[in-house]
Amino acid sequence: MTEVSLPGGATLEVRRCGDTGLLIESGDGDVLRSLAGALVAAAIPGITEVVPAMRTVLVVIDPRRTNLGTVRDALRRLTLAEKRTDQAREVHIPVVYDGEDLDFVATHTGLGVAGVIERHQQTQWYVGFCGFAPGFAYLVGDNTQLEVPRRGESRVRVPAGSVALAGTFASVYPRESPGGWQLIGRTDLTLWDVSADPPALLRPGTAVRFTEAS
Amino acid sequence: MGRQTRSVTITARGPQVLVQDSGRPGYAHLGVAAAGAADAPSYSLANRLVGNAPGTACLEVTLGGLELTVDHTTWVAVTGAPTPVTVGGRAFWVNQPVPLRAGQTLRLGTPSAGLRSYVAIRGGFRVDQVLESCSADTMSGLGPPPLEVGDVLEVDRPAGPVPSVDSVPRPGHGSGPVMLDAVVGPRADWFVDGALKALFESPFEVTSDANRVGVRLSGPPLPRRDRRELSSEGVVCGSLQAPPGGRVTLFLADHPVTGGYPVIAVLRWSSIPAAAQLRPGQAVCFRRVRE
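These remarks concern the structure in this document.

1. Quick notes on the overall build of chain B
- The number of helices and strands found in chain B is 3 helices and 21 strands.
- Relative to the 2.2 N^0.38 estimate, which gives 19 Å for 291 residues, the radius of gyration of chain B is 20 Å and therefore close to what a compact globule would have.
- With the principal axes as the frame, chain B shows a C-alpha extent of 70 × 40 × 30 Å.
- Evaluated residue by residue, chain B yields a buried proportion of 55% over its 291 residues.
- In chain B, the proportion of contacts linking residues at least 24 apart, taken out of those at least 6 apart, comes to 77%.

2. Observations regarding the interface of chain B and chain A
- Across the contact, 32 residues belong to chain B and 37 residues belong to chain A.
- Carbon and sulfur atoms make up 65% of the surface buried where chain B meets chain A, a total of about 2600 Å² over both sides.
- Per-residue buried area on chain B facing chain A is highest for B:His29, B:Leu30 and B:Trp269; these three make up 24% of the total on that side.
- On inspection of chain B and its partner chain A, the count reaches 1 salt bridge.
- Of the charged contacts, one joins B:Arg187 and A:Glu25 as a salt bridge, the two residues approaching to 3.0 Å between their closest N and O atoms.

3. Some words on the side chain of B:Asp39
All names here are of chain B.
- Following the sequence through the fold, Asp 39 ends up in the loop between strand 2 (16-20) and helix 1 (40-49).
- A polar atom in the side chain of Asp 39 sits 2.7 Å from the side chain of Ser 42.
- At 2.9 Å, the side chain of Asp 39 and the side chain of Gln 277 are in polar contact.
- With sequence-adjacent residues up to four places away left out, Asp 39 is seen in contact with Gly 80, Tyr 118, Pro 273, Ala 276 and Gln 277.

4. Digging into the state of the cysteines
- Here the structure, examined in full by the defined rule, presents 0 disulfides over all chains.
- With no disulfide of its own, A:Cys130 has A:Cys17 as its nearest cysteine by sulfur position, at a separation of 20 Å.
- With no disulfide of its own, B:Cys134 lies 10 Å from the sulfur of B:Cys58, the closest cysteine sulfur.
- For B:Cys134, a relative accessible area of 6% corresponds to the buried category.

5. Considering the pattern of salt bridges
Residue and element names in this part refer to chain B.
- Within the structure shown, the criterion is met by 25 salt bridges over all chains.
- A salt bridge links Arg 107 to Glu 67; its shortest N-O distance comes to 3.3 Å. Highlighted residues: Arg 107 in strand 9 (residues 105-108) and Glu 67 in strand 4 (residues 67-70), separated in sequence by 40 residues.
- When its relative accessible area of 34% is taken as the criterion, Arg 107 is described as partly exposed.
- The exposure class of Glu 67 is partly exposed, given its relative accessible area of 22%.
- Note that Glu 154 is salt-bridged to Arg 126, the shortest N-O span being 2.7 Å. Here the residue Glu 154 occupies a position in strand 12 (residues 152-155), and Arg 126 occupies one in strand 11 (residues 125-126), the gap between them amounting to 28 residues.
- Accessibility expressed as a relative area gives 36% for Arg 126, which makes it partly exposed.

6. Thoughts on the packing of helix 3 (residues 102-109) of chain A against helix 4 (residues 112-122) of chain A
All names here are of chain A.
- It is at 8 Å that the axes of helix 3 and helix 4 come closest, and there the two elements cross at 90°. Between helix 3 and helix 4, the crossing angle belongs to the class labelled roughly perpendicular. Here helix 3 contributes Leu 102, Asp 103, Val 105, Ala 106 and Thr 109 to the contact with helix 4, which in turn contributes Gly 112, Val 113 and Val 116.
- Residue composition of the contact of helix 3 with helix 4, grouped by class: 5 nonpolar, 2 polar and 1 charged.

7. Things to note about the sheet that holds strand 3 (residues 58-62) of chain B
Residue and element names in this part refer to chain B.
- Sheet architecture is open: 5 strands sit in the order 2-3-10-5-8, paired in antiparallel fashion. The sheet is open, and its two borders are formed by strand 2 and strand 8 (97-100), each paired with just one other strand. For this sheet, the mean inter-axis angle between neighbouring strands, taken without regard to orientation, is 25°.
- Sheet topology places strand 3 next to strand 10 (residues 116-121); 4 bridges connect them, and they run antiparallel. Counterpart to Glu 60 in the pairing with strand 10 is Tyr 118.
- The strands that helix 1 touches are strand 2, strand 3, strand 5 (74-80), strand 8 and strand 10; relative to strand 5, the one it contacts most, it runs at about 160°.

8. Some remarks on the environment of A:Leu189
Residues and elements named next belong to chain A.
- Looking at the secondary structure, you find Leu 189 in the loop between strand 13 (182-186) and strand 14 (206-212).
- Measuring from C-alpha to C-alpha, the distance between Leu 189 and Thr 70 comes to 42 Å, with 119 residues separating the pair along the chain.
- Beyond its immediate sequence surroundings of up to four residues, Leu 189 is in contact with Val 91, His 92, Ile 93, Pro 94 and Leu 201.

9. Focus: the packing of aromatic side chains
- Tallied over the full model, the rule gives 11 aromatic pairs over all chains.
- Measuring from ring centre to ring centre gives 5.8 Å for A:Phe129 and A:Phe169, while their planes differ by 85°; the resulting arrangement is edge-to-face. Of this pair, A:Phe129 sits in strand 7 (residues 125-130) while A:Phe169 sits in strand 11 (residues 169-172), placing them 40 residues apart in sequence. A single burial state applies to A:Phe129 and to A:Phe169, both of which are buried.
- Feature note: the residues A:Phe129, A:Phe132, A:Phe136, A:Tyr138, A:Phe169, A:Tyr173 and A:Trp181 constitute an aromatic cluster, connected by ring pairs.
- Geometry around B:Trp190 places B:Arg228 over its ring, the cationic atom sitting 3.9 Å from the centre.

10. Looking at helix 2 (residues 68-76) of chain A
Residue and element names in this part refer to chain A.
- The set of residues buried in helix 2 consists of Leu 68, Val 71, Arg 72, Ala 74 and Leu 75. Buried residues of helix 2, viewed axially, fall in a sector of 160°; they line one side.
- Those residues of helix 2 hidden inside the fold are in contact with strand 1 (2-5), strand 2 (11-17), strand 3 (21-25), helix 1 (29-42), strand 4 (47-52) and strand 5 (56-61).
- The N-terminus of helix 2 is capped by Asn 67, whose side-chain oxygen sits 3.1 Å from the backbone nitrogen of Gly 69.

Definitions and cut-offs
- Residues numbered from 1 in each chain as written.
- Chains lettered and ligands numbered in written order.
- Predicted model: local features only at pLDDT ≥ 70, side-chain atom pairs only at ≥ 80, totals over all residues.
- Heavy atoms only, no water.
- Helix = DSSP H or I, 4+ residues; strand = E, 2+ residues; numbered from the N terminus.
- Rg over C-alpha atoms; globule rule 2.2 N^0.38 Å.
- Buried < 20%, exposed > 50% of the residue type's maximum accessible area, 1.4 Å probe, protein only.
- Contact = heavy atoms within 4.5 Å.
- Buried area = accessible area lost by both parts, 1.4 Å probe.
- Salt bridge = Lys/Arg side-chain N within 4 Å of Asp/Glu carboxyl O.
- Polar contact = N/O pair within 3.5 Å; in protein donor to acceptor, adjacent residues only side chain to side chain.
- Disulfide = S-S within 2.5 Å.
- Axes fitted to C-alpha atoms, helices over the stretch in contact; angles between N-to-C directions.
- Parallel < 35°, antiparallel > 145°, perpendicular 65-115°, else oblique.
- Nonpolar A, V, L, I, M, F, W, Y, C, P; charged D, E, K, R; others polar.
- Pairing = 2+ DSSP bridges.
- Phe/Tyr/Trp six-rings, centres within 6.5 Å; stacked < 30°, edge-to-face > 60°.
- Lys NZ or Arg CZ within 6 Å of the ring centre and 35° of its normal.
- Arc of directions from axis to C-beta.

This is how it looks when you write it as structure tokens:
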């Protein structure tokens with residue numbers, strides 16, 4: 001592990017993943033999100049993937065085109081942007097709150113059904129990272145009152161558009177898949193479309209608001 | 001009517017036949033694996049042998065057993081695992097261009113070692129792309145489904161000349177332990193001091209739980225220092241992930257973009273093709289190399 005200091009003063013812990021990856025860690029989520037954005041914007045030759053997660057950003061290279069030393073040097077020269085979310089792109093997701101686990105969430109949080117819906121809609125969410133399945137976004141909010149455990153047993157089939165909670169995250173299932181999150185509602189919005197560019201409606205940094213479906 | 005179509009019919013198959021190309025890198029931040037041919041150099045060689053451009057779609061065949069019939073006179077090539085190749089009772093080597101006349105059938109036997117073969121046809125298989133790739137990603141279901149007997153694949157017109165090459169010698173797949181080069185991983189410090197020693201000095205065995213997502217290995221335990229939980233983080237192809245008390249998983253082409261278990265070591269990029277040819281029951285050793 002080595003430490004890298006950026007021009008703005010932020011310090012990052014950098015770990016190598018073989019000869020194709022640098023795993024960059026910071027305790028400051030804002031720094032990570034800015035870093036991921038700056039890495040994509042810098043378009044450093046030979047970088048094939050920039051993968052944000054909760055505490056890390058993974059940079060993957062094509063070792064035929066560059067090497068990790070070159071990328072680490074480029075990292076030192078990055079200037080991080082101020083804003084953490086892509087506020088210009090706020091996505092509104094209309095929800096019908098009739099999920100099978102809504103009553104459980106209402107009881108578990110002690111908020112009641114109306115309280116859960118209110119918190120879900122009032123929270124300013126943004127996409128921390130994607131994973132689990134194509135287009136599946138982990139939405140991070142400032143409202144920890146909606147913290148719920150995953151289901152004891154995961155469902156074999158969760159329909160596309162299911163609006164769900166797990167831990168302190170919210171999400172919407174982009175495609176039908178198995179899943180263990182608590183389902184609180186559904187949306188008709190298309191979240192994943194391979195013919196669209198980009199194919200995912202929710203991408204790291206996208207701001208999200210849930211609204212009542214009319 | 002327009003010009004003649006050129007096609008291939010699958011007449012028999014073994015455990016799995018998938019369409020693969022060089023994959024769809026660049027979408028990991030949206031939860032999409034790069035996928036693509038698991039043994040990339042073998043895939044590239046197959047295309048080169050029949051004069052196809054890099055990135056042309058091929059078939060990735062697990063444990064042989066494929067038979068396909070062509071409706072036009074052409075060239076094919078089989079690379080990867082050393083597999084008996086026959087056309088009309090005549091035997092061919094792997095890693096050489098094989099001529100096929102219209103109506104003839106190419107047959108792949110069972111490889112004597114290794115796991116995956118690549119079949120390229122002159123012009124390349126024409127398959128709809130998803131996110132700029134024809135690769136069948138078995139993790140997310142993107143790309144074409146596995147091929148079945150009776151499936152007909154269209155073939156594109158060749159663009160370049162057939163290269164003048166007889167056969168390309170490639171390192172063999174021995175039957176002894178496979179030696180893979182690995183570098184100490186990003187979360188090696190999550191394991192007790194003896195864990196790296198156990199990883200690099202003990203043989204592991206490939207279990208039957210081996211596919212394009214990853215290969216589960218049985219071997220000595222790799223105990224953690226404590227019971228902390230890792231928050232999910234991005235992983236690269238070739239990562240050796242070790243769940244608590246569980247079996248080490250070596251990630252291959254269709255690996256999840258993030259993992260929740262610490263990565264103790266990572267294969268060198270140059271060892272990934274050999275890892276993609278690991279066969280259940282085979283012994284594997286990790287050789288510690290510097291970054």
